[in-house]
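If you want the building blocks of each chain, they are given just below.
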Amino acid sequence: MAGMDFTLTEENEMIRATARQFAEEELAPLAVKMDREEKYDPRVTRLLGDHGYMGMEIAEEHGGSNLGAVNLAIALEEVNRVCASSGVTMSVQNGLVNGPINKFGTPEQKAKYLPRLTNAEWMGAYCLSEPVSGSDAAAMVSFGEDHGDHFVLNGTKRFITSGLHADLYVLFSRTDRSAKPSRGITAFIVERAFPGVKVGKKEKKTGLRGSDTVDIILDGARVPRENVLGEVNNGFKIAMDTLDAGRVGIAAQAVGIAQAALDAAVKYAQARQQFGEPIANFQMIQWKIADMATRVEAARLLTYRAACLKEKRLPHGKEASMAKLFASETANFCADEAVQVHGGYGYVGEFPVERYFRDARITEIYEGTSEIQRLVISRAVLK
Ligand code: CAA
C-alpha cells in the first residue's frame, strides 16, 4: 500500500528550478524599478507569457501548458519570492480570469479568449468589489440591464488589480434587483474595447506598487449577450468558485513573500556583526529564524494540499481559505521579523525586506480578508 508522500516529483522540482531562475534573472531588476516608480511595467506580462506562466492550468489546445494546480502554486511561490507585483499579475491571470472562462465558458468563449490570455497577448482582470461592496460581495449595486441581444452596464468596480493594462475583465454586476442578492448577479466577459468601459482613478498603495489598482467605470457599457459567462443571475456562484481557486494562488504568493523574508533574514544575520560576532550566533535571532522557518513550511504544506485537491477537482474551498489565512499571516509575521533582524537597515530602502513588509500586508486583505477566511472555514467546520 502506498503511503503518504510529501516529496515533490521531478517535474515539480524542475518547475521550481526553472521558475526560480526566470524570476531571479528576468524579474528581479523590474521588481525594484516598478516598486520605486509605483507603476506596472508591461514587459512583465510579456515575460510571463513568453515563459509559459500565463496559462498553466489551461489545455494545450487553448495555448496553455496544462501543468496543473500544484505546479502553478510552485511557480507562483518562486515568482512572488522575487516580485510580488509580478506574482499577483500571474495569479489573477491564471486563477481569476483563465479559470472561470475555462470552467464556465462556452466552447466559443474559450476558443476566442483563452489563447489570447495564455499567450499574454491580452492581460486579464477580475472585477468583483465596488465602492460599497467588499467583504459583502453580494451587496454590489452596479447594474446590467437586459436588452435582449446585449446588456447595458452601469456602475463602478473598485480596487481592480491589473485593471489599468487589462484588455479583458471577468466582471460581475447585478441583473435582478428583486432576487436575493446572491441570486441576482451575472458574470460577464467584458472587453476593454467595448463602448462605455473606462478606466478610473489609480490607487496609491502601501505595497504591491508594481501592480496597478484602478476603478473600472461602466458608463452605459454595451456587452453582447454572447459574453455572459455561465447563466444569467448565476454569477455569484461563479465569483465564489473562482475565489476558491484564486485563494490558492494568494496562499502561494504569501509563501513566496515569507520565504523571501526568511532568506533575507538568514543572509543578513550571518553577515551582520555586533558585539564582535555575527548576530546569527545570538539565541534571540536564532529563535526568530526557527519560528519563521517553521511557519513557512506549515504554510507551504497547507498551500500544496489545497492545490492538490484543486488539481484532483475535489472540493477545496475550506482548504484554500485555511492556506490563504495561514500563509498570509505567515508572510506578515516573517516580513515583520525580517525587518526586526535587520534593525534600522530593515526600515530603509537599501534592503529588500522593507518592500516585503509592505507587499505582505495586502495578502491578508485581498481575495477575502483574514476575517472572511475565518468565516468560510468556521461555516464549513460547523455545518
Ligand atoms: N462556491 C460556489 N458557490 C458558493 C460558494 C462557493 N465557494 N460559497 C457560497 N456559494 C453560494 C451559496 O451556496 C449560496 O447559494 P444559494 O443562493 O443557492 O443558496 C450563495 O453562493 C450565497 O452564499 P452565502 O449565503 O454563503 O453568501 P454570503 O453573502 O453569506 O457570504 C462570503 C459569502 C463568503 C462572505 C463572500 O461574500 C465572500 O467571499 N466575500 C469576500 C469577497 C472577496 O473575497 N473579495 C475579493 C475581491 S477579488 C480580489 O481581491 C482580487 C484581487 O485584487 C487580486
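Residues numbered from 1 in each chain as written. Predicted model: local features only at pLDDT ≥ 70, side-chain atom pairs only at ≥ 80, totals over all residues. Heavy atoms only, no water.

Considering the overall build of the chain
Spelled out, the test is: Numbering of helices and strands starts at the N terminus; helices are DSSP runs of H or I of at least 4 residues and strands are runs of E of at least 2. Note that the radius of gyration is over C-alpha atoms, with the globule rule given as 2.2 Å times the number of residues to the power 0.38. Relative accessibility decides the category of a residue: with a 1.4 Å probe and only protein chains considered, values under 20% of the type maximum give buried, values over 50% give exposed, and everything between is partly exposed. Pairs of residues are marked as contacts when any of their non-hydrogen atoms sit within 4.5 Å.
Helix and strand counts for the chain come out as 10 helices and 10 strands. Radius of gyration (C-alpha) of the chain: 21 Å, near the 21 Å computed for a compact globule of 383 residues. Projected onto its principal axes, the C-alpha coordinates of the chain cover approximately 75 × 55 × 40 Å. Taking all 383 residues of the chain together, 53% fall into the buried category. Considering only residue pairs separated by 6 or more positions, the chain has 74% of its internal contacts joining residues 24 or more positions apart.

So, the domain arrangement of the chain
Let me state the cut-off plainly: Delimitation of the domains relies on an automatic or database domain assignment. A quick way to say it: buried area is the sum, across both parts, of accessible area lost when two parts are put together, with a 1.4 Å probe. For this document, the term salt bridge refers to a Lys or Arg side-chain nitrogen within 4 Å of an Asp or Glu carboxyl oxygen. Two N or O atoms form a polar contact when they lie within 3.5 Å of each other; inside protein one atom must be a possible hydrogen donor and the other a possible acceptor, and for residues adjacent in sequence the pair counts only when both atoms belong to side chains.
By the assigned domains, the chain splits into domain 1 (10-122), domain 2 (125-234) and domain 3 (245-382). One C-alpha centre belongs to domain 2, the other to domain 3, and the line joining them spans 31 Å. Tallying the contact residues gives five residues for domain 2 and seven residues for domain 3. Both faces combined, the contact of domain 2 with domain 3 buries some 510 Å², and carbon together with sulfur accounts for 60% of it. Of all residues in domain 2, the largest losses of buried area upon contact with domain 3 belong to Ser135, Thr206 and Leu208, amounting jointly to 75% of the total for that side. Linking domain 2 with domain 3 are zero salt bridges, by the criterion used here. Where domain 2 touches domain 3, the interface holds two residue pairs in polar contact (both at pLDDT 80 or more).

Structural notes on the site of the ligand
Inclusion rule: Neighbouring residues are identified by heavy atoms, a residue being near a molecule or strand if any of them is within 4 Å of it. Where accessible areas are quoted, they stem from the Shrake-Rupley method and a 1.4 Å probe; at the residue level, only the protein chains shown are allowed to cover.
Residues in contact with the ligand amount to 26 residues; listed here are only the nearest, Ser135, Thr161, Lys237, Glu367 and Arg379. Between the ligand and the protein, one listed contact pairs a nitrogen atom with a backbone N or O atom of Ser135 at 2.8 Å. Between the ligand and Lys237 there is a distance of 2.7 Å, counted from an oxygen atom to a side-chain nitrogen or oxygen. Compared with its free state, where it exposes 1,100 Å², the ligand has 75% of that area covered by protein. For the shell around the ligand, the secondary-structure elements that each account for two or more residues are helix H4 (84-104), helix H6 (235-271) and helix H10 (370-382). When residues of the shell around the ligand are assigned to their parent elements, the largest contribution, seven residues, is made by H6.

Some points on the nonpolar core
The criterion, for reference: Only buried Ala, Val, Leu, Ile, Met, Phe, Trp, Tyr and Cys residues count toward a nonpolar core, and they belong to the same one when joined by side-chain atoms within 4.5 Å.
By size, the foremost hydrophobic cluster in this structure holds 111 residues, and its most contacted members are Met90, Ile101, Leu153, Tyr169, Phe172 and Val190. Per-element tally for this core: the top contributor is H6, with 19 residues. With residues near it in sequence (within four places) discarded, Leu153 still touches Phe143, Gly144, Leu171, Ser173, Phe188, Val190, Leu218, Asp219, Gly220, Ala221 and Val223.

With respect to the pattern of salt bridges
Here the structure, examined in full by the defined rule, presents 27 salt bridges. Residue Lys157 pairs with Glu130 through a salt bridge whose shortest N-O separation is 2.7 Å. Of this pair, Lys157 sits in strand E3 (residues 150-161) while Glu130 is found in the loop between strand E1 (124-127) and strand E2 (143-146), placing the two residues 27 residues apart along the sequence. By relative accessible area, Lys157 is classed as buried at 0%. Residue Glu354 is joined to Arg358 by a salt bridge in which the shortest nitrogen-to-oxygen separation is 2.9 Å. Of this pair, Glu354 and Arg358 both sit in helix H9 (residues 353-360), separated by four residues, roughly a single helical turn. Overall, the relative accessible area of 12% leaves Arg358 in the buried class.

Structural notes on the packing of aromatic side chains
The condition that has to hold: Working definition: rings of Phe, Tyr and Trp (its six-membered ring) pair if their centres are within 6.5 Å, and the pair is stacked with planes under 30 degrees apart, edge-to-face with planes over 60 apart, and tilted otherwise. Either the NZ atom of lysine or the CZ atom of arginine qualifies as a charge over a ring when it sits within 6 Å of the ring centre and within 35 degrees of the ring normal.
Following the criterion strictly, the structure yields seven aromatic pairs and no others. Here Tyr113 and Trp122 contribute two aromatic rings whose centre-to-centre distance is 6.0 Å and whose plane-to-plane angle is 35°, an arrangement assigned as tilted. Judged by centre distance (5.3 Å) and plane angle (65°), the ring pair of Tyr126 and Phe172 falls under edge-to-face. One end of the pair, Tyr126, is in strand E1; the other, Phe172, is in strand E4 (residues 168-174), with 46 residues separating them in the sequence. Each member of the pair Tyr126 and Phe172 is classed as buried. Ring pairs connect the aromatic residues Tyr268, Tyr345 and Phe351, which therefore count as one cluster. We note Arg295 situated over the ring of Phe333; from NZ or CZ to the ring centre the distance is 3.6 Å.

A word on the packing of H6 against H9
For the record, the criterion: Here an axis means a line fitted to C-alpha atoms, over the contact stretch when the element is a helix, while the angle between two N-to-C directions is reported on a 0 to 180 degree scale. Oblique is the label for any angle not under 35 degrees, not over 145, and not in the 65 to 115 range, which are roughly parallel, roughly antiparallel and roughly perpendicular in turn. Each crossing gets its hand from how the near helix is turned against the far one by less than a right angle, where anticlockwise is left-handed and clockwise is right-handed. For this scheme, ten residues count as nonpolar: Ala, Val, Leu, Ile, Met, Phe, Trp, Tyr, Cys and Pro. Four count as charged, namely Asp, Glu, Lys and Arg, and the remainder, Gly too, count as polar.
Contact geometry of H6 with H9 gives a least axis separation of 10 Å together with a crossing angle of 155°. As far as their axial angle goes, H9 and H6 are roughly antiparallel. The way H6 lies across H9 gives a crossing that is left-handed. Contact residues: H6 offers Ile257, Ala260, Ala261 and Ala264, while H9 offers Val353, Tyr356, Asp359 and Ala360. Classifying every residue of the contact of H6 with H9 by side-chain character gives seven nonpolar, no polar and one charged.

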